[in-house]
Amino acid sequence: MALFCSSFCPRSAATLGRASLLLRLPSSSSARISKVLGADESSATLTVGFLGLGIMGSPMAQKPFKAGYNVTIWNRTKSKCHHILEYEPSPAEVAASCDVTFAMLADPQSAMLLVGRGTARGMAPGKGYVDASTVDAATSKLISKHIKDKGALFLEAPVSGSKKPAEDGQLIFLAAGDASLYETVGPLLDVMGKSKFYLGEVGNARR
Ligand SMILES: NC(=O)c1ccc[n+]([C@@H]2O[C@H](COP(=O)([O-])OP(=O)(O)OC[C@H]3O[C@@H](n4cnc5c(N)ncnc54)[C@H](OP(=O)(O)O)[C@@H]3O)[C@@H](O)[C@H]2O)c1
């Protein structure tokens, strides 16, 4: 089990508790400990990226990690990442190194900015991008186009809830986009939220 990071933060270890103990174990030990932790078998293979570690993104990103997933993170302001250790140096590198990448950014401008300027470069066939930021339907369709032009899958998945539900894994996801990606990330949405709904084509979850 590995959280992809370049250095270790003691405060993070204290906060993450048992998950932090898995940090530098070899993969054979990780798999064994995943079972001890009761993590789903699929978590051993699906790698998860997370962009945007604000009020919502920070607790959301910790949920898959604590459930046994490999999680790679990036945030514009590096100092805000202290409680989840380190991040990759760019959104593109997160996307390139992960099977699925989640984004939880402030607004349509920042969500679009990241995809347009970098994240899309890390996308490729076989990968998926899940934008949980609150953006309008037109922006979501544009983001989807950037991702799908790279041959990857896209899902918009805005949340209902706030900081406390995010910390408690009690968010509600309204998702739309590629149904196969919805299926793939279903277990991830389940550790971050209490319920999820699939609404069809991109834009439908933004109305
Ligand atoms: N807070 C809530 O209760 C709540 C509830 C439901 C939905 N939402 C939605 O969830 C999303 C995130 O909300 P939040 O409360 O977590 O916001 P937040 O605490 O302000 O975090 C915003 C995130 O976006 C990043 N960001 C902003 N501008 C950026 C830029 N130009 N380039 C790169 N990164 C940028 C921030 O990076 P820095 O750390 O570097 O600033 C931060 O990681 C929003 O779309 C919001 O509408 C929030």
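Note that the structure is a prediction, hence the values are computed from the model and not measured.

(A) The arrangement of the packing of helix α3 (residues 57-66) against helix α8 (residues 179-192) in detail. Running from N to C, α3 and α8 point in directions that differ by 115 degrees, and their axes come no closer than 8 Å. Between α3 and α8 lies a crossing whose hand is right-handed. Counted together, Met60, Lys63 and Pro64 of α3 and Leu188, Val191 and Met192 of α8 form the full contact between these two elements. Residues of the contact of α3 with α8, tallied by class, amount to five nonpolar, no polar and one charged.

(B) Quick peek at the site of the ligand. Of all residues adjacent to the ligand, which total 23 residues, the nearest are Gly54, Met56, Arg76, Thr77 and Ser162. A breakdown of the residues in the shell around the ligand according to their chemical character gives nine nonpolar, 10 polar and four charged.

(C) Looking closely at the environment of alanine 175. Residue position: alanine 175 is located in strand β8 (residues 171-177). Each residue touching alanine 175, except ones within four places of it in the same chain, is listed here: Leu155, Glu156, Ala157, Tyr182, Lys196, Phe197, Tyr198, Leu199 and Ala205.

Scoring rules and cut-offs
- Residues numbered from 1 in each chain as written.
- Predicted model: local features only at pLDDT ≥ 70, side-chain atom pairs only at ≥ 80, totals over all residues.
- Axes fitted to C-alpha atoms, helices over the stretch in contact; angles between N-to-C directions.
- Helix = DSSP H or I, 4+ residues; strand = E, 2+ residues; numbered from the N terminus.
- Left-handed = near helix turned anticlockwise from the far one by under 90°.
- Contact = placed C-beta atoms within 7 Å.
- Nonpolar A, V, L, I, M, F, W, Y, C, P; charged D, E, K, R; others polar.
- Near = placed C-beta within 6 Å.

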